[in-house]
2 protein chains.
Amino acid sequence: MGGDHGPSVTIPGVARAARLLEGRNVRFLLCGDEARIAAQLGRSKRIADLCDIRHSDLVISSDDPPAQAMRRGKGSSMWNAVEAVKNGEAIAAVSSGNTGALMAISKLLLRMAADLDRPAIVASWPSMHGSTTVLDVGANVGCDAERLVDFAIMGEAFHRAVHAVPRPTVGLLNIGSEDQKGHEELREAHAILRDGGLPIDYRGFVEGTDISSGVVDVVITDGFTGNVALKTAEGTARFIGSEMRAAFTSGLMSKLGALIANQALKKLKHRLDPNTVNGGPLLGLNGVVVKSHGGANDEGFANAILVAADVAQSRFADEIHANMQQLMTVLAHPPAAGEVS
Amino acid sequence: MGGDHGPSVTIPGVARAARLLEGRNVRFLLCGDEARIAAQLGRSKRIADLCDIRHSDLVISSDDPPAQAMRRGKGSSMWNAVEAVKNGEAIAAVSSGNTGALMAISKLLLRMAADLDRPAIVASWPSMHGSTTVLDVGANVGCDAERLVDFAIMGEAFHRAVHAVPRPTVGLLNIGSEDQKGHEELREAHAILRDGGLPIDYRGFVEGTDISSGVVDVVITDGFTGNVALKTAEGTARFIGSEMRAAFTSGLMSKLGALIANQALKKLKHRLDPNTVNGGPLLGLNGVVVKSHGGANDEGFANAILVAADVAQSRFADEIHANMQQLMTVLAHPPAAGEVS
């Protein structure tokens, strides 16, 4: 069990998730170093009773290239976790290890679903209305129109599965809301989503500001733009946090005020803590795999497990399958320009 | 004089800039409705003495398409301001009007410098080390490698002119720091900047988080990614601001703390206020044109004027010319892979 902290964070994360998932009949298969896992599990018999351990000596490290992880990763803890999904032993795999390796191993063992080509990584983004689902945030550098429409189908089904919103709204990330703005592939995807008759509540182009304002539930973009946007937002939040700390320690009155407003500041910190929205599924595979941030704490790891359980126990896969069928029909008979179905 | 507020904001902005530019022998040519401008100017004889007015009845509105502004914009206040730069009557034009129209009219009247193709829009981004120069943030949707290198040359000279940093550092925005990451055109631009012998302190690829951490002074990206990043950062800042307000009004203790920490909160607000970094020059033209945000207040408009004066009174144009010459030599004899000059 990897990530930056190992079982000392992931096992308390499992314990927290187990409490939150009570009544949903979830058990845990822990893949990794048996001795280290058992040492952590020893603290709670109740949790240990919900867990099985699959020992592995082999660990994929954070700087192993994906190709090497695929060739030599067999029998590693990451491999075993994904293989358990393939064999039907587990309904989902959660890993806080190397993202590229997790993607490569997942694709190799589980294969892509339907006509999908590569997994997309989803980010859950705190917004004025709760959480915005953004994809892709890093798996696919360049995306044609069909790929973007695939993301819309996957992202919409994901948002419904995890946030219990019956009919999530979807927008396409662009640099303006007019029809003629942006890249060719964006305008093509826009036409398919608007006129293709897919059962998706598509609201058109959205801009960078709209991600955290929560204008739509799901924001679709290519992996390059999505990754830059995600990291830019992280950087902005970190910058503002550092300016806030500086402001509140800059004088006696500021310090006093911060002391008195302590509860409010704690609540604010929790609301902006990436751990509260941790858990980025790799969508498009024949099976559920969720990436947890390597630096997440136990609360963050527990959230990633909840996301995995929500997706695995939803009708996510069936919905994607049905909508991909519909998309194939649309692409075989593309809508004429201006035609609205 | 346009923008969302007109002369009631721009004239106080001019007055503020005049005070800050005292001793630099700057005068102002105010283009717009004479009666409205004169009414505002009447409040201060000292400022009025520094100003000339060029009357115009015609106004380009915020939703006029650029092509229409070019065809029918002659004699409008925006046109007159740019024309004054062309005629040598003014050293720079500052406008808070329609960006697309300003770009089209500037390109038509001033023409592009050297081998440049389209203006790039620069954003000054608050960072842990002061301010990061980011371009392009919206003028050029797709960019090839040469265009990105042009941006590096222009952005570096701009940062030196405005921030008095003798040798600004430059980075190329990507989704990872390894050489093989990102688009083809990014890797090509990376090779030219690294090995081409340009007199630029190039530090390689940077990521979205690095913009506000201030790892480099100048961040280069295409206009699509830059625009999404800028707006995402704005959205994130706005979201955090709204969460902060909610936190500090959520209970008696929080309110009391916020009241006591009032000075610190004001300072923080000022530091994060977009007005303090307002002023986005259109780089690459034969002349200085600066776009002020339409919603900027008088402080913001004054900042845009300062940026214009700094660029116009620097060696900016000569430096770009010399570096473009050097780039032409590099492109005629591109560096071999692996060769480092």
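Shown above is the structure to which this text applies.
Residues numbered from 1 in each chain as written. Chains lettered and ligands numbered in written order. Predicted model: local features only at pLDDT ≥ 70, side-chain atom pairs only at ≥ 80, totals over all residues. Heavy atoms only, no water.

A. Looking closely at the overall build of chain A. Each helix and strand in chain A was counted, giving 14 helices and 10 strands. Relative to the compact-globule value of 20 Å for 341 residues, chain A shows a C-alpha radius of gyration of 21 Å, a close match. When the backbone C-alpha atoms are referred to their principal axes, chain A occupies close to 65 × 60 × 40 Å. If you take every contact in chain A between residues at least 6 apart in sequence, the share linking residues at least 24 apart comes to 69%. Distance from the positive charge centre (33 side chains) to the negative charge centre (38 side chains) of chain A: 8 Å. (Helix = DSSP H or I, 4+ residues; strand = E, 2+ residues; numbered from the N terminus. Rg over C-alpha atoms; globule rule 2.2 N^0.38 Å. Contact = heavy atoms within 4.5 Å. Lys, Arg positive; Asp, Glu negative; His and termini not counted. Charge placed at Lys NZ, Arg CZ, Asp CG, Glu CD.)

B. Main features of the relation of the copies chain A and chain B. Between chain A and chain B, the superposition needs a rotation of 180° and an axial shift of 0.0 Å, giving an RMSD of 0.1 Å. The superposition of one copy onto the other is thereby described by a two-fold rotation axis. Taking C-alpha positions as the reference, the residue of chain A nearest the rotation axis is Gly257 of chain A, at 2.0 Å. Here 100% of the interface residues in chain A have copies in chain B that are interface residues too; the copies meet face to matching face. (Least-squares fit on C-alpha atoms with pLDDT ≥ 70 in both.)

C. Inspection of the interface of chain A and chain B at higher detail. Facing 51 residues of chain A, the contacting portion of chain B comprises 51 residues. Carbon and sulfur atoms supply 76% of the area that chain A and chain B bury against each other, a total of about 4400 Å² over both sides. Among the residues of chain A in contact with chain B, Ile175, Phe224 and Phe239 of chain A are the three that bury the most area, contributing 16% of the side total. Our enumeration of links across chain A and chain B arrives at 2 salt bridges. The partner of Lys231 of chain A in a salt bridge is Glu207 of chain B, with the nearest N and O atoms 2.2 Å apart. Linking chain A with chain B are 10 residue pairs in polar contact (both at pLDDT 80 or more), by the criterion used here. Broken down by secondary-structure element, the contributors of at least two residues to the side of chain A that touches chain B are strand E4 (120–127), helix H9 (208–213), helix H10 (223–248), helix H11 (252–260) and helix H12 (262–272) of chain A. The greatest single-element share of the side of chain A that touches chain B, amounting to 20 residues, is contributed by H10 of chain A. Among the residues forming the side of chain A that touches chain B, the class breakdown is 27 nonpolar, 17 polar and 7 charged. (Buried area = accessible area lost by both parts, 1.4 Å probe. Salt bridge = Lys/Arg side-chain N within 4 Å of Asp/Glu carboxyl O. Polar contact = N/O pair within 3.5 Å; in protein donor to acceptor, adjacent residues only side chain to side chain. Nonpolar A, V, L, I, M, F, W, Y, C, P; charged D, E, K, R; others polar.)

D. Here's a closer look at the sheet that holds strand E9 (residues 280–283) of chain A. Residue and element names in this part refer to chain A. Pairing within the open sheet is mixed, and its 8 strands lie in the order E3-E10-E9-E4-E5-E8-E6-E7. Strands with a single pairing partner mark the edges of an open sheet, and in this sheet they are strand E3 (92–95) and strand E7 (201–206). The average undirected angle you get between the axes of adjacent strands in this sheet is 30°. For strand E5 (residues 130–135) and strand E8 (residues 218–220), the ladder comprises 3 bridges, and the chain directions are parallel. When the bridges of E8 are listed, Leu135 appears paired with Ile220. Across the sheet, helix H6 (residues 99–110) lies against E3, E4, E9 and strand E10 (288–291), angled at about 175° from E10, the strand it touches most. Where helix H7 (residues 145–163) meets the sheet, its contacts fall on E4, E5, strand E6 (169–173), E8 and E9, and the angle it forms with E5 comes to roughly 150°. (Pairing = 2+ DSSP bridges. Axes fitted to C-alpha atoms, helices over the stretch in contact; angles between N-to-C directions.)

E. Spotlight on a nonpolar patch on the surface. All names here are of chain A. On the surface, a nonpolar cluster with roughly 320 Å² of combined accessible area is contributed by Met253, Leu256 and Leu259. If you trace the backbone, Leu256 turns up in helix H11. You can call Leu256 partly exposed: its relative accessible area is 38%. (Patch = residues over 30% accessible without salt bridge, like charges linked within 9 Å, V, L, I, M, F, W, Y side chains within 5 Å. Areas by Shrake-Rupley, 256 points an atom, 1.4 Å probe, with all protein chains shown as cover. Buried < 20%, exposed > 50% of the residue type's maximum accessible area, 1.4 Å probe, protein only.)

F. Inspection of the sheet that holds strand E8 (residues 218–220) of chain B at higher detail. All names here are of chain B. Read across the sheet, 8 strands follow the order E3-E10-E9-E4-E5-E8-E6-E7 without closing on themselves; strand pairing throughout is mixed. The open sheet has two edge strands with one neighbour each: strand E3 (92–95) and strand E7 (201–206). Across the sheet, the mean angle separating the axes of adjacent strands is 30° when strand polarity is ignored. Bridge count between strand E9 (residues 280–283) and strand E10 (residues 288–291): 2 bridges; the pairing is antiparallel. Bridged to Pro281 within E10 is Val290. Running over the sheet, helix H5 (residues 77–86) touches E3 and E10 and is turned about 160° from E3.

G. Region of interest: the pairing of E5 of chain A. Residues and elements named next belong to chain A. The buried fraction of E5 amounts to 5 of the 6 residues, a majority that puts the element mostly inside the structure. Looking at chain direction, E4 and E5 are connected through 6 bridges and run antiparallel. The residue bridging Pro126 from the neighbouring strand is Ser131, located in E5. The loop that links E4 with its antiparallel partner E5 comprises 2 residues.

H. Representation of unusual backbone geometry. Residues and elements named next belong to chain A. Put simply, Leu135 and Asp136 share a cis peptide bond, and its omega is 0°. Take Asp136: it is sitting in the loop between E5 and H7. A positive phi angle, near 65°, is found at Arg111, a position not held by glycine. By the element assignment, Arg111 lies in the loop between H6 and E4.

I. Fine view of the packing of H10 of chain A against helix H10 (residues 223–248) of chain B. Contact pair H10 of chain A / H10 of chain B: the axes reach a minimum separation of 8 Å and the direction vectors enclose 40°. For the element pair H10 of chain A / H10 of chain B, the angle class is oblique. In the crossing of H10 of chain A with H10 of chain B, the sense of the turn from one axis to the other is right-handed. The residues of H10 of chain B that touch H10 of chain A, namely those facing Phe224, Thr225, Val228, Ala229, Thr232, Ala233, Thr236, Ala237, Ile240, Met244 and Phe248 of chain A, are Phe224, Thr225, Val228, Ala229, Thr232, Ala233, Thr236, Ala237, Ile240, Met244 and Phe248 of chain B. Within the contact of H10 of chain A with H10 of chain B, the residues separate by chemical class into 16 nonpolar, 6 polar and no charged. (Parallel < 35°, antiparallel > 145°, perpendicular 65-115°, else oblique. Left-handed = near helix turned anticlockwise from the far one by under 90°.)

J. Representation of the packing of H12 of chain A against H10 of chain B in the model. Two elements in contact, H12 of chain A and H10 of chain B, have axes whose closest approach is 9 Å; the angle formed by their N-to-C orientations is 150°. Relative to H10 of chain B, the crossing made by H12 of chain A is right-handed. Here H12 of chain A contributes Ala264, Leu265, Leu268, Arg271 and Leu272 of chain A to the contact with H10 of chain B, which in turn contributes Phe239, Ile240, Glu243, Met244, Ala247 and Phe248 of chain B.

K. Representation of the environment of His183 of chain B. With respect to the helices, strands and loops of the structure, His183 of chain B is situated in the loop between strand E6 (169–173) and helix H8 (184–195). Its relative accessible area of 24% is what places His183 of chain B among the partly exposed residues. Along the primary structure His183 of chain B and Leu259 of chain B are separated by 76 residues, whereas in three dimensions their C-alpha atoms are 50 Å apart. Not counting residues up to four positions away in its chain, the partners in contact with His183 of chain B are Val141 and Phe224 of chain A.

L. Representation of the side chain of Ser56 of chain B within the structure. All names here are of chain B. Its place among the elements puts Ser56 in the loop between strand E2 (51–55) and helix H4 (66–72). Take Ser56: its relative accessible area is 4%, and that puts it in the buried class. At 2.7 Å, the side chain of Ser56 and the backbone oxygen of Gly75 are in polar contact. With residues up to four places along the chain from it excluded, the contact list for Ser56 reads Gly32, Asp33, Gly75, Ser76, Ser77 and Asn80.

M. Representation of a negative patch on the surface. A cluster of acidic residues, Asp144, Glu146, Glu185 and Glu188 of chain A, forms a negative patch on the protein surface. Looking at the element boundaries, Glu185 of chain A is found in helix H8 (residues 184–195).

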